[in-house]
Amino acid sequence: MKILPSLKQLEYLVALDEEKHFGRAADCCNVTPSTVSAGIRDLEVLLGSALAERTNRSVMMTPFGQEVAGKARSLLRSGEEIMELASARKREPLTGALHMGVIPTIGPFFLPSVLPDMWRKHPELQLFLREEQTEPLLDKLRRGVIDVALIALPYSLEELDVQILFDDYFQFACSDTHPFAQMASISQEKLDREPLLLLAEGHCLRGHLLEVCKLEQHQNHTEFAATSVFTLVQMVAANMGVTLLPELATESSVVRDARISLVPLEQPSARKIGLVWRKSTHRREEFEQLGKALVPRFSKV
């Protein structure tokens with residue numbers, strides 16, 4: 001029988017590949033730097049090739065080390081799925097630990113309205129939340145750092161499954177002193193002429209506004225790019241431009257208390273809110289139950 005790398009050695013390698021630092025890799029694995037260093041050396045001896053280039057200040061993975069680390073992630077994920085499968089047989093759905101990611105344009109507007117009731121009905125559920133932009137969040141989902149993610153669609157979801165929860169419609173937002181503030185609806189033609197405020201690059205809401213609302217050719221973007229919906233609302237209230245806000249955000253006190261007006265679009269457009277998980281997971285039924293539990297809490301569904 002061939003001698004194979006241990007899961008611990010592979011765990012050290014993946015941590016080193018991600019952190020590029022022995023101390024931080026050790027912290028991720030809850031061991032000492034010398035333990036990680038020794039584990040990597042033993043793995044290099046076993047494989048007969050260098051996995052990392054070490055200097056006093058940094059660590060650089062060799063091409064072979066990067067390739068091995070990629071395969072190690074897959075093996076570690078399979079090991080975690082074995083434990084998930086065993087754990088799922090011993091407990092009821094929506095009990096125990098569940099790590100959920102959520103994007104910033106959903107989390108602060110949606111979760112406060114659904115989590116209190118969720119915890120009352122499922123008191124044994126230990127929900128750990130992580131808020132990040134879509135791409136790093138999905139990367140963590142694929143690597144097994146989180147179990148599910150609450151995101152906005154459309155978005156590329158290779159190797160992932162999605163449960164659509166509801167449509168989140170956009171509304172035109174302008175200062176309450178803007179000429180369009182009292183209009184019954186806003187046409188595409190009028191929208192195209194306005195100074196449109198957007199979130200900064202990296203926020204999927206920016207892409208949704210340009211794509212879903214047919215604004216790809218919009219030439220009137222301002223030089224300002226907000227880092228959050230909250231900042232965007234304040235910029236609109238200051239009459240620095242107009243924007244489109246998802247309905248989830250318009251229900252928040254931040255929007256209700258701001259000096260802005262909301263006007264429906266003549267041609268309704270929406271992003272879709274979905275719960276996403278890995279296709280390989282053994283907790284599919286539990287995640288589907290979670291999605292169904294979330295939907296009725298949204299008053300517009």
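Position numbers for residues start from 1 in each chain and track the written sequence from start to end. Only residues with pLDDT of at least 70 get local features here, since the model is predicted, and only at 80 or more are side-chain atom pairs given and counted; chain-wide, interface and lining totals rely on the full set of residues. With hydrogens and water excluded, all non-hydrogen atoms of the structure serve as input to the side-chain values.

A. The overall build of the protein, seen in detail. In this description a helix means any DSSP run of H or I spanning at least four residues, a strand means any run of E spanning at least two, and both kinds are numbered starting from the N terminus. When its secondary structure is counted, the protein shows twelve helices and eleven strands. With the C-alpha coordinates aligned to their principal axes, the bounding extent of the protein is approximately 75 × 45 × 30 Å. Within the span of the protein, comprising 301 residues, buried residues form 48% of the whole. Sequence separation of at least 24 residues holds for 72% of the intrachain contacts in the protein that already meet a minimum separation of 6. Per-residue and other accessible areas follow the Shrake-Rupley method at a 1.4 Å probe size, with only the shown protein chains counted as cover for residues. On the protein, roughly 15700 Å² of surface is accessible, and the fraction owed to carbon and sulfur atoms is 52%. For every residue, the accessible area obtained with a 1.4 Å probe (protein chains only) is divided by the maximum for its type, and the residue is called buried under 20%, exposed over 50%, and partly exposed between those limits. Any two residues having at least one pair of non-hydrogen atoms within 4.5 Å are treated as being in contact.

B. Quick look at a nonpolar patch on the surface. Patch construction takes residues with relative accessible area above 30% that form no salt bridge. Like charges are linked within 9 Å, and nonpolar side chains (Val, Leu, Ile, Met, Phe, Trp, Tyr) are linked within 5 Å. Here a salt bridge means any side-chain nitrogen of Lys or Arg lying within 4 Å of a carboxyl oxygen belonging to Asp or Glu. Judged by side-chain polarity, Ile 3, Leu 46, Leu 47 and Phe 64 come together as a nonpolar surface patch covering roughly 340 Å² of accessible area. What makes Ile 3 exposed here is its relative accessible area of 69%.

C. Spatial organisation of the pattern of salt bridges. Overall, the coordinates contain 18 salt bridges when judged by the stated rule. A salt bridge links Arg 120 to Asp 117; its shortest N-O distance comes to 3.5 Å. Here the residue Arg 120 and the residue Asp 117 both occupy positions in helix H5 (residues 107-121), the gap between them amounting to three residues, near one helical turn. Measuring nitrogen to oxygen at the nearest pair gives 3.6 Å for the salt bridge that ties Glu 132 to Arg 130. The class of Arg 130 is partly exposed, set by a relative accessible area of 35%.

D. Region of interest: the packing of helix H1 (residues 7-19) against helix H3 (residues 33-47). As a rule, the C-alpha atoms of each element are fitted with a line to give its axis, helices using only the stretch in contact, and angles between N-to-C directions run from 0 to 180 degrees. At a minimum axis distance of 9 Å, the contact between H1 and H3 shows a crossing angle of 110°. When the axes of H1 and H3 are compared, the pair comes out roughly perpendicular. Contact residues: H1 offers Gln 9, Leu 10, Tyr 12, Leu 13 and Leu 16, while H3 offers Thr 35, Val 36, Gly 39, Ile 40, Asp 42, Leu 43 and Leu 46. By the definition adopted for this analysis, an angle is roughly parallel if under 35 degrees, roughly antiparallel if over 145, roughly perpendicular if from 65 to 115, and oblique otherwise.

E. Representation of the pairing of strand E5 (residues 148-153) in the model. Judged by how many residues are buried, E5 sits mostly within the fold: six of six residues are covered. Here E5 shows two buried faces, one formed by Val 148, Leu 150 and Ala 152 and the other by Ala 149, Ile 151 and Leu 153. Pairing between two strands requires that DSSP report at least two bridges joining them. With three bridges connecting them, strand E3 (residues 96-102) and E5 associate as parallel partners. Within E5, the position partnered with Gly 101 by the bridge is Ala 149. With six bridges connecting them, E5 and strand E11 (residues 270-278) associate as antiparallel partners. Its bridge partner being in E11, Leu 153 is matched across the sheet by Lys 272.

F. View of the state of the cysteines. When two cysteine sulfur atoms are found within 2.5 Å, that pair is recorded as a disulfide. Applying the stated criterion across every chain yields a total of zero disulfides. The thiol sulfur of Cys 28 is not disulfide-bonded, and the nearest other cysteine sulfur, from Cys 29, lies at 6.3 Å.

G. Looking closely at H5. Between its first and last C-alpha, H5 extends 20 Å over 15 residues, near the 21 Å set by a 1.5 Å rise per residue. The complete set of buried residues in H5 reads Gly 107, Phe 109, Phe 110, Leu 111, Val 114, Leu 115, Asp 117 and Met 118. Each helix should span, by expectation, one fewer than its residue count multiplied by 1.5 Å.

H. Geometry of the packing of H5 against helix H12 (residues 284-294). It is the contact of H5 with H12, at a shortest axis distance of 10 Å, that shows an interaxial angle of 110°. The pairing of H5 with H12 is recorded here as roughly perpendicular in orientation. Relative to H12, the crossing made by H5 is right-handed. Where H5 abuts H12, its residues Phe 110, Val 114 and Met 118 lie against Leu 290, Ala 293 and Leu 294. Residue composition of the contact of H5 with H12, by class: six nonpolar, no polar and no charged. Here a crossing is taken to be left-handed if its near helix is turned anticlockwise relative to the far helix by less than a right angle, and right-handed if that turn runs clockwise. Gly counts as polar in this scheme, as do all residues outside two lists: the nonpolar Ala, Val, Leu, Ile, Met, Phe, Trp, Tyr, Cys and Pro, and the charged Asp, Glu, Lys and Arg.

I. Seen up close, the packing of aromatic side chains. Working definition: rings of Phe, Tyr and Trp (its six-membered ring) pair if their centres are within 6.5 Å, and the pair is stacked with planes under 30 degrees apart, edge-to-face with planes over 60 apart, and tilted otherwise. In the structure shown here, the tally under the stated rule is four aromatic pairs. On the numbers, 5.4 Å between centres and 35° between planes, the contact of Phe 109 with Phe 230 is tilted. Of the two residues, Phe 109 is situated in helix H5 and Phe 230 in helix H9 (residues 229-237); the sequence distance between them amounts to 121 residues. According to the relative accessible area criterion, Phe 109 is buried, its value standing at 11%. Look at Trp 277 and Phe 287: their rings are 5.9 Å apart centre to centre, the planes differ by 45°, and that puts the pair in the tilted class. One end of the pair, Trp 277, is in strand E11; the other, Phe 287, is in helix H12, with ten residues separating them in the sequence. Considered together, Trp 277 and Phe 287 belong to a single accessibility category, that of buried residues.

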